[in-house]
Structures are given as structure tokens and as C-alpha cells.
Amino acid sequence: MKKLNEWFNIKTGIRHWYRVKFTYKDKRGVRLWDVTMNRSLSGKRYIADHRMLSRSVNLYQIAKQNNLPLCNGALESDPQCYLGYFRK
């Protein structure tokens, strides 16, 4: 049933929208920067999957646009709130 709903969401363009805070930490665990973004997912179950959220973000593009440093660190995601179920 879940996969059928996700298939329907992809075909119609309606997605689940979340506000997610991404935090970039270096190897020692020191927080270098954080960015809050709105992200859309085809299914609600993907919000708990950290890997799925990290892959949906282009880390290098964010760093270049905002002049942020990168140093072989780790990107963490933290869902802040559910915004709704609608099109872009």
C-alpha cells in the first residue's frame, strides 16, 4: 500500500514537504555551519532515513552559494516540522 501511494505521488506531482535543518560538522565533531531548507519527499517514511535526505541535497552547491567551508566532514539532518502535502 505504501509503494502504491508513493507511485501515485510521483505521477501526480504531489509530495510531502518538510523543513529540515542540515548541520555540517568536521572530523572532530565541531559544528561548522547549518542550513535550514524545505525538502519534498514522495513518502512519509523517508523522513526518518538520514541517507535519503543527505543524498537529496547538493552539498557542494550549498557551500559555494553561501561561501561556506568544507573539510571532509559529515552532514547531519534534523527534521524540524511537517509543512504539508501539496505540489511545488
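Residues numbered from 1 in each chain as written. Predicted model: local features only at pLDDT ≥ 70, side-chain atom pairs only at ≥ 80, totals over all residues. Heavy atoms only, no water.

Engineer: What is the right way to read the nonpolar core from this model?
Structural biologist: Buried together is how nonpolar side chains tend to be arranged in soluble globular proteins. Counting residues in hydrophobic clusters, the biggest one holds 14 residues, and the most contacted among them are V20, F22, W33, L41, I47 and L53. The element best represented in this core is strand β1 (residues 15-25), accounting for four residues. Setting aside anything within four residues of it in sequence, one finds W33 in contact with F22, T23, Y24, L59, I62, L68, P69 and L70. (Core = buried A, V, L, I, M, F, W, Y, C linked by side-chain atoms within 4.5 Å. Buried < 20%, exposed > 50% of the residue type's maximum accessible area, 1.4 Å probe, protein only. Helix = DSSP H or I, 4+ residues; strand = E, 2+ residues; numbered from the N terminus. Contact = heavy atoms within 4.5 Å.)

Engineer: What am I meant to see in the sheet that holds β1 here?
Structural biologist: Strands pair in a sheet through their backbones, by hydrogen bonds, and they do so in one of two ways: parallel or antiparallel. What the three strands build is an open sheet, ordered β2-β1-β3; its pairing is antiparallel. The open sheet has two free edges, formed respectively by β2 (31-41) and β3 (74-86), since each of these has just one partner strand. Taken pair by pair, the neighbouring strands of this sheet meet at an average axis angle of 15°, ignoring direction. Of the strands in this sheet, β1, β2 and β3 touch helix α3 (residues 59-66), which is tilted by about 120° from β2. (Pairing = 2+ DSSP bridges. Axes fitted to C-alpha atoms, helices over the stretch in contact; angles between N-to-C directions.)

Engineer: What am I meant to see in the pairing of β1 here?
Structural biologist: Along a regular strand, successive side chains alternate from one face of the sheet to the other. With eleven bridges connecting them, β1 and β3 associate as antiparallel partners. Residue F22 lies in a different strand from β3, and its bridge partner there is S77. Both β1 and β2 contribute to a ladder of ten bridges, which runs antiparallel. Opposite H16, over in β2, you have L41 as the bridge partner. Counting the residues that bridge the hairpin from β1 to β2 gives five residues, and of these G29 lies at a positive phi of roughly 95°.

Function-wise, these values are silent; they only describe arrangement.
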